[in-house]
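Close look at the chain arrangement
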Amino acid sequence: MADGLESESRKLLGRLRDTMAEQAAGQERLDKITHLTADSMGTEVCSIYLFRDTETLELCATQGLNPEAVHETRMKLGEGLVGRVARTGKTVNAADAPSAPGFRYMPETGEEIYSSFLGVPIQRLGEKLGVLVVQSKQAREFSADEVYALEVVAMVLAEMTELGAFVGEGAALSARHTQPVMLRGSTGQEGTAMGSVWLHEPRVVVTNLVADDPEKERERLRKAVDDLRISVDQMLAGANSDGEEVQVLEAYRMFANSKGWMRRMEEDIDRGLSAEAAVEKEQSQARARMSQVADAYLRERLHDLDDLSNRLLRILTGQGRETGSDMPGDPILIARNIGPGELLEYGRSLKGIVLEEGSVGSHAAIVARALAIPLVIHANRITNEALNGDHIMVDGDQGIVHLRPDDTVATAFRDKMAMQAEAQERYASIRDTACVTKDGQRIELHMNAGLMADLPSLESSGAEGVGLFRTELQFLVRNQMPRRTELANIYARVLDAAKGKRVVFRTLDIGSDKVLPYMKPQDEPNPALGWRAIRVGLDKPGVLRMQLQALIRAANGRPLSIMFPFVAEDSEFADARAEMDKVLAREERLGHPVPSRLEVGAMLETPSLAFASKRFFSEVEFLSIGGNDLKQFFYAADRENERVRRRYDTLNASFLNFLEGIVGRCTVSGTRLSFCGEDAGRPVEALCLAAIGFRTLSMRPASIGPVKSILMKTDLGEVRKALHAARDLGEQNMRGVVMEHLRNNGWAVT
Ligand code: PEP
Ligand code: MG
């Protein structure tokens, strides 16, 4: 790079910094920047276009174009050359702009006399803020150095925007991070919460963008990168050698030692940026690429670089080291994504969680569900929009987030929460009452669990037992395989907490969406139909045996209920049962007390098992319907796929008929039957399940109150009659039928 240009660039940045330091209104600052930039770049025109809303750009300041056009000229994203820069996030460098593809002439600006055009995006950490343009009469292409210089100015502009430098009387921009924002995501866990933002990874705010002494900044950067390398090496030394974590850390190490990365940052410093501004410039560009790269592997690597840049920024600024003790009293956790272990560390102190990524079946979602913390996933931009301490309302039912809500929204939200709290009080008043319907049918309500954190809910929800203990959660939240004694201790504590109530332990249900971090991932074309649950248990019985031993030891002579997940045919159950018998005999030989009563059952999660032999139905001691999986296979609609997972209704006549058939078979064989999928916890669904003959339902603890409340006020026989009458008439939509029935019986349902 030419020395002259370098010092010119430093001079310009120095002036920009002074502009920033001066007491001036936002508009005045913008005007000054266009003036300084045009002057320094030797162009007749410099203009700043900023986003008015996500689709519209506005000319906010100019040197050289008609001043009357400021705040008047607007264009849509993608419109004209400016719109093209904004849409693609890429620089446009045209010697003869009017003949460049996409050029659109804005007569009010008087730009027709300018031939060459250089436009660069103003963006901060992947967020598009606007476009910075220089134009000149002379038809020439700008040199790489000039492009680079303008990019540096754009970066400083982006940072200044972030710091609120352009806010004020008659200003171009309203203050960032002060306006109410509503974000629409998806439900990860139902429930509502309000509180204050707590960023899992607080954003680092860079205030010293420009530096006078490049040598000093280079030294600061070098020292910080050294520290970063040491910390990555330390993390690597402590990581499990064959875990996925090592792969990520290896990628970190590669970036931390990357000469290209370092060189680019040093060049930025030579241009006049501070060390932290240089890191952030590279990070912003990586983020911009991230949104354009389709290849999943490459995107992951860009993510790694992003994480690494954050670490480096924290080292340089000393920011972002808040500890749990700084957390507000009503924290709503905001993160791009979070692992189950990290989430468990926060535990129940969180009022709500909002993730930019995540999925319904992710481990974090499983943990949030277990802890009954409202969770919204796919809340795009939340980590860019939210600042620590911002007021926030989370509607997990609708998948909506209100950040810095205005009074009207806040009041409506509070009313909704108050109504929910009232309902909770009503549920608490029936907590210790057995669930008997209006026509005298006794329905047992159990809870689903999987973490130690669930256990207090046994008391508080009024559950009659644990109908499904998902043992895989204990495996998922660790970064190495738990040992037998560790598991035995956990299971013993579960049984202690249950105080004699029945607990049904489901053996390890991994595979499909539940991938253990320390097991070799299987590259399967269709994991939901793949090597999972009991299939893994039977093919590699070591872990299954270890788990069965742990369960027997935990029971220590007490009654024990065990069920095998995802049994698709008689023989799988017979084989699993045989494993159980072998383990039992061995434990007995070793002198361990055997359970006073051992019940062994299966989950019915594939349609095939509904058609199993009579012998199977009489041999299996109990069956529990895993409705989440059963429904996905019944309708061939992936439960993880947002596009199809809500497409088919549980209350469609075909599915209810199918379930009723299973109830019939269990009645004939005298097999104890329950339903433990998510639908059991939805009041209207639960009502229909009870109406077609289910007498045991297992659900999330928070659902027990609402389900019990509706069941106790309903005549099940009447609902059953209504369903059967409609079915005989060929009606498919049983939801409509039951809703109508409820309305006719005085329920205010919509
Ligand atoms: C189910 O499939 O309904 C079930 C309860 O199991 P999981 O959701 O853990 O797969
Ligand atoms: Mg299942």
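Residues numbered from 1 in each chain as written. Chains lettered and ligands numbered in written order. Predicted model: local features only at pLDDT ≥ 70, side-chain atom pairs only at ≥ 80, totals over all residues. Heavy atoms only, no water.

A word on the coordination of the magnesium ion (ligand 2). Taken together, E605 (OE) and D629 (OD) make up the protein donors of the magnesium ion (ligand 2), found 2.0 to 2.1 Å from the metal. In this pair, E605 is assigned in the loop between β19 (598–604) and α20 (607–610) and D629 in helix α22 (residues 627–634), connecting sequence segments 24 residues apart. Residue classification places E605 among the buried positions, given a relative accessible area of 2%. (Donors = N, O, S within 2.8 Å, 3.2 Å for Na, K, Ca; no water. Helix = DSSP H or I, 4+ residues; strand = E, 2+ residues; numbered from the N terminus. Buried < 20%, exposed > 50% of the residue type's maximum accessible area, 1.4 Å probe, protein only.)

Viewed as axis vectors pointing N to C, helix α4 (residues 144–162) and helix α8 (residues 275–290) meet at an angle of 100°, and their least axial separation amounts to 11 Å. One element, α4, and the other, α8, form an angle in the roughly perpendicular class. From α4, Y148, E151, V152, M155 and E159 reach across to α8, where they touch A277, E280, K281 and Q285. (Axes fitted to C-alpha atoms, helices over the stretch in contact; angles between N-to-C directions. Parallel < 35°, antiparallel > 145°, perpendicular 65-115°, else oblique. Contact = heavy atoms within 4.5 Å.)

Attention now goes to the domain arrangement of the protein. According to the domain assignment, the protein consists of domain 1 (3–162), domain 2 (181–202 + 323–416), domain 3 (214–317) and domain 4 (436–714). A straight line from the C-alpha centre of domain 2 to that of domain 4 covers 29 Å. With 18 residues of domain 2 at the interface, the matching set in domain 4 holds 14 residues. For the pair domain 2 and domain 4, the two sides together bury roughly 1300 Å², of which 57% comes from carbon and sulfur. Taken together, the links from domain 2 to domain 4 amount to one salt bridge. Taking the shortest distance from any N to any O, the salt bridge between E190 and R700 comes out at 2.9 Å. Connecting domain 2 to domain 4 are two residue pairs in polar contact (both at pLDDT 80 or more). (Domains from an automatic or database assignment. Buried area = accessible area lost by both parts, 1.4 Å probe. Salt bridge = Lys/Arg side-chain N within 4 Å of Asp/Glu carboxyl O. Polar contact = N/O pair within 3.5 Å; in protein donor to acceptor, adjacent residues only side chain to side chain.)

The next subject is the site of ligand 1. If you check the shell around ligand 1, you find 14 residues, and the closest are R470, R506, G626, N628 and R639. G626 is positioned such that a nitrogen or oxygen atom in its backbone is 3.3 Å from an oxygen atom of ligand 1. Here an oxygen atom of ligand 1 and a backbone polar atom of D629 are 3.0 Å apart. Surface burial for ligand 1 is 98%, taken as the share of its 290 Å² of free accessible area covered by protein chains. Elements represented by at least two residues in the shell around ligand 1 include exactly β16 (465–470) and α22. Ranked by residues supplied to the shell around ligand 1, first place goes to α22 with three residues. Looking at the shell around ligand 1 residue by residue, the class counts come to three nonpolar, four polar and seven charged. (Near = heavy atom within 4 Å. Areas by Shrake-Rupley, 256 points an atom, 1.4 Å probe, with all protein chains shown as cover. Nonpolar A, V, L, I, M, F, W, Y, C, P; charged D, E, K, R; others polar.)

As for its position among the elements, S116 is in strand β5 (residues 116–124). For S116, a relative accessible area of 0% corresponds to the buried category. At 3.0 Å, the side chain of S116 and the backbone oxygen of Q138 are in polar contact. Discounting chain neighbours no more than four positions away, the residues touching S116 are A94, A95, V134, Q135, S136, Q138, R140 and F142.

Moving on, we get to the nonpolar core. Considering soluble globular proteins, one finds that nonpolar side chains tend to be buried as a cluster. Core analysis: the largest hydrophobic core is formed by 120 residues, its most contacted members being F564 and L659. When residues are assigned to domains, this core turns out to be shared by domain 2 (181–202 + 323–416) and domain 4 (436–714), each giving three or more. Counting residues in hydrophobic clusters, the runner-up holds 66 residues, among them A149, L221, M265 and L273. (Core = buried A, V, L, I, M, F, W, Y, C linked by side-chain atoms within 4.5 Å.)

Right, let's talk about the environment of T34 for a bit. Mapped onto the fold, T34 is located in helix α2 (residues 26–41). Ignoring any residue separated from it by four or fewer positions in sequence, one finds T34 in contact with C46, S47, I48, A61, T62 and Q63.

Two elements in contact, helix α5 (residues 214–238) and α8, have axes whose closest approach is 8 Å; the angle formed by their N-to-C orientations is 65°. For the pair α5 and α8, contact is made by E217, R220 and L221 and by A275, E276 and V279, respectively. Its residues placed into classes, the contact of α5 with α8 shows three nonpolar, no polar and three charged.

The next subject is the packing of aromatic side chains. Any two aromatic rings considered together are summarised by their centre-to-centre distance and by the angle between their planes. According to the stated counting rule, one finds 13 aromatic pairs in the structure shown. Ring centres of F566 and F633 lie 5.7 Å apart, and the angle between their planes is 65°; this geometry places the pair in the edge-to-face category. With a gap of 67 residues between them, F566 in the loop between β18 (560–564) and α19 (570–589) and F633 in helix α22 connect regions that are remote in the sequence. The same class applies to F566 and to F633, which are both buried. Taken together, a centroid distance of 5.1 Å and an interplanar angle of 85° make the contact between F634 and Y635 edge-to-face. For F634, a relative accessible area of 27% corresponds to the partly exposed category. The buried category is assigned to Y635, whose relative accessible area is 15%. Grouped by ring-pair contacts, the aromatic residues F611, F634, Y635, Y648, F655 and F658 constitute a single cluster. Just above the ring of F622 sits the side chain of R502; from NZ or CZ to the centre is 4.8 Å. (Phe/Tyr/Trp six-rings, centres within 6.5 Å; stacked < 30°, edge-to-face > 60°. Lys NZ or Arg CZ within 6 Å of the ring centre and 35° of its normal.)

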